[in-house]
Amino acid sequence: MIINVDNFIDGESRFVSFSEKIAIPSDFSVNGNALVDVTGNITNEKGIFRFCGNGSAVLNLNCDLCLMPFDFKIDFPITEIFSKSEIEENDCWFFADNNIDLKPAILSNILLNMPMKAVCSDKCKGLCSVCGHNLNEGDCGCVNSYVNPEFEKLKALFEESENE
Ligand SMILES: [Zn+2]
Ligand SMILES: [Zn+2]
């Protein structure tokens, strides 16, 4: 995702498009690399380069409920500014050698758009709380005895009084 800005005159705007795999840092619970598509325009504004466009990334996540891997697509708008020198504006990326690398900027956009909760499907049934079987693959036959915790407390009180 390198854009060379040699011969890029002031006021010029160019369309760029990339499709690449990007490594996501391991503490973000993504399996392997993410396939990322980016399209947009980069404009030279008096030596400051502004990229505006859209990105999408396919992340391979593990479902929070059934723990199985699944692909999760995120879409995000991108507006980033690149400069060779210190400028007043915040959130500016520095570059050297007339080569702008979009990758760090795109990665930060991906990390900002990571889902808070990863669930493979609205219909995911999760794992059996008794045997750990993936309930999406069929019933395991366990009797799922959910006990109301309030009822448990009453039962404990009742048993205490019985023992007196
Ligand atoms: Zn699931
Ligand atoms: Zn079970």
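Here the structure is a predicted model, which is why all the values come from computation and not from measurement.

**With respect to the side chain of Asn-109**
Reasoning step 1: Examined against the element boundaries, Asn-109 turns out to sit in helix α1 (residues 103–112).
Reasoning step 2: Side-chain polar atoms of Asn-109 contact the side chain of Glu-80, separated by 2.8 Å.
Reasoning step 3: A distance of 2.8 Å separates a polar side-chain atom of Asn-109 from the backbone oxygen of Ala-105.
Reasoning step 4: Apart from the residues lying within four places of it in its own chain, the contact partners of Asn-109 are Phe-76, Pro-77, Ile-78 and Glu-80.

**Quick notes on the side chain of Ser-56**
Reasoning step 1: You can see Ser-56 is positioned in strand β4 (residues 48–62).
Reasoning step 2: Ignoring any residue separated from it by four or fewer positions in sequence, one finds Ser-56 in contact with Leu-35, Val-36, Asp-37, Lys-73, Ile-74, Asp-75 and Phe-76.

**Regarding the coordination of the zinc ion (ligand 2)**
Reasoning step 1: All of the protein donors around the zinc ion (ligand 2) are Cys-128 (SG), Cys-131 (SG), Cys-140 (SG) and Cys-142 (SG); their distances to the metal are 2.3 to 2.4 Å.
Reasoning step 2: Bound by four donor atoms, the zinc ion (ligand 2) shows angles of 105 to 113° at the metal and therefore tetrahedral coordination geometry.
Reasoning step 3: The sequence motif formed by the donor residues of the zinc ion (ligand 2) is C-x2-C-x8-C-x1-C. Taken together, the residues Cys-128 in the loop between α1 and α2 (149–163) and Cys-142 in the loop between α1 and α2 connect sequence positions 14 residues apart.

**Here's the deal with the coordination of the zinc ion (ligand 1)**
Reasoning step 1: Taken together, Cys-63 (SG), Cys-66 (SG), Cys-120 (SG) and Cys-124 (SG) make up the protein donors of the zinc ion (ligand 1), found 2.3 Å from the metal.
Reasoning step 2: Classification of the site at the zinc ion (ligand 1) as tetrahedral follows from its four donor atoms and the range of 105 to 113° in their angles at the metal.

**So, the layout of surface pockets**
Reasoning step 1: By volume, the largest pocket amounts to about 160 Å³.
Reasoning step 2: Lining the largest pocket we find Phe-28, Ser-29, Leu-61, Asn-62, Asp-64, Met-114, Pro-115, Met-116, Lys-117 and Ala-118.
Reasoning step 3: For the lining of the largest pocket, the class distribution of residues is six nonpolar, two polar and two charged.

**Examining the domain arrangement of the protein**
Reasoning step 1: The assigned domain composition of the protein is domain 1 (2–112) and domain 2 (125–164).
Reasoning step 2: Taking both partners together, domain 1 and domain 2 bury about 300 Å²; carbon and sulfur atoms supply 65% of that area.
Reasoning step 3: When the buried surface of domain 1 facing domain 2 is broken down by residue, Leu-65, Cys-66 and Met-68 rank first, second and third, together holding 88% of it.
Reasoning step 4: For the interface between domain 1 and domain 2, the tally reads zero salt bridges.
Reasoning step 5: Here domain 1 is connected to domain 2 by zero residue pairs in polar contact (both at pLDDT 80 or more).

Cut-off values and rules
Residues numbered from 1 in each chain as written. Chains lettered and ligands numbered in written order. Predicted model: local features only at pLDDT ≥ 70, side-chain atom pairs only at ≥ 80, totals over all residues. Heavy atoms only, no water. Helix = DSSP H or I, 4+ residues; strand = E, 2+ residues; numbered from the N terminus. Polar contact = N/O pair within 3.5 Å; in protein donor to acceptor, adjacent residues only side chain to side chain. Contact = heavy atoms within 4.5 Å. Donors = N, O, S within 2.8 Å, 3.2 Å for Na, K, Ca; no water. Tetrahedral: all angles 85-135°; square planar, octahedral: opposite > 155°, others 65-115°. 1 Å grid on protein atoms, 1.4 Å probe; cavity = no way out; pocket = protein on both sides within 12 Å on 5 of 7 lines; lining within 4 Å. Points joined across faces, edges and corners; volume = space filled by probe spheres on them. Nonpolar A, V, L, I, M, F, W, Y, C, P; charged D, E, K, R; others polar. Domains from an automatic or database assignment. Buried area = accessible area lost by both parts, 1.4 Å probe. Salt bridge = Lys/Arg side-chain N within 4 Å of Asp/Glu carboxyl O.

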